Amino acid sequence: DVLDPERLIQCPLVKHHRIRARRFPYHLVKCKESNPEIAKKLATCPFNARHLVPQADLSDHIMKCNDKAFMEQDVVSWSCEPPQGQLNNGSTWQAPPCDEDWET
């Protein structure tokens, strides 16, 4: 199950590292610091920071990334249905009365 926080995920930096899904983001940060030479050869997916792929394969990964569909769906639904704050263009807010006299 993809949503199981206890499932084991293989580290993209060091292949013999197997990390529980709930600890994976923390592991990536530490593993990048411990393996800077490997980390600089990898690129981060713009749709999911947990996806680290060889820099040469990034454009191919972007075309096929499953998380891209979620991002596109969010963008489309946002553009079709503006947030509630944008629906009310006529603001009824008025400044409170001011008792100060700046001339004195």
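The shown structure was predicted, so the numbers you read here are calculated from the model rather than taken from an experiment. (Residues numbered from 1 in each chain as written. Predicted model: local features only at pLDDT ≥ 70, side-chain atom pairs only at ≥ 80, totals over all residues. Heavy atoms only, no water.)

A separate point is the overall build of the protein. Counting its regular elements, the protein contains five helices and four strands. Across the 104 residues in the protein, those meeting the buried criterion constitute 22%. When the accessible area of the protein is evaluated, it comes to approximately 8,700 Å², of which 55% is carbon and sulfur surface. (Helix = DSSP H or I, 4+ residues; strand = E, 2+ residues; numbered from the N terminus. Buried < 20%, exposed > 50% of the residue type's maximum accessible area, 1.4 Å probe, protein only. Areas by Shrake-Rupley, 256 points an atom, 1.4 Å probe, with all protein chains shown as cover.)

Grouped together as the largest cluster of nonpolar side chains are 12 residues: Ile9, Cys11, Leu13, Val14, Ile19, Ala21, Phe24, Leu28, Cys31, Ala39, Leu42 and Leu52. Residues contacting phenylalanine 24, with those up to four places away along its chain left out, are Ile9, Gln10, Cys11, Pro12, Ile19 and Arg50. (Core = buried A, V, L, I, M, F, W, Y, C linked by side-chain atoms within 4.5 Å. Contact = heavy atoms within 4.5 Å.)

Our next topic: the UniProt feature "domain: CHHC U11-48K-type" (unreviewed entry) in the protein. Per the UniProt record, the feature "domain: CHHC U11-48K-type" (unreviewed entry) sits at residues 8-35 and 42-69. Between the end C-alpha atoms of residues 8-35 the distance is 21 Å, and the span holds 39% helix and 21% strand. Spanning residues 42-69, this segment combines 39% helix with 21% strand, and its end C-alpha atoms are found 22 Å apart. (UniProt positions renumbered as here; feature names shortened; annotations may be inferred.)

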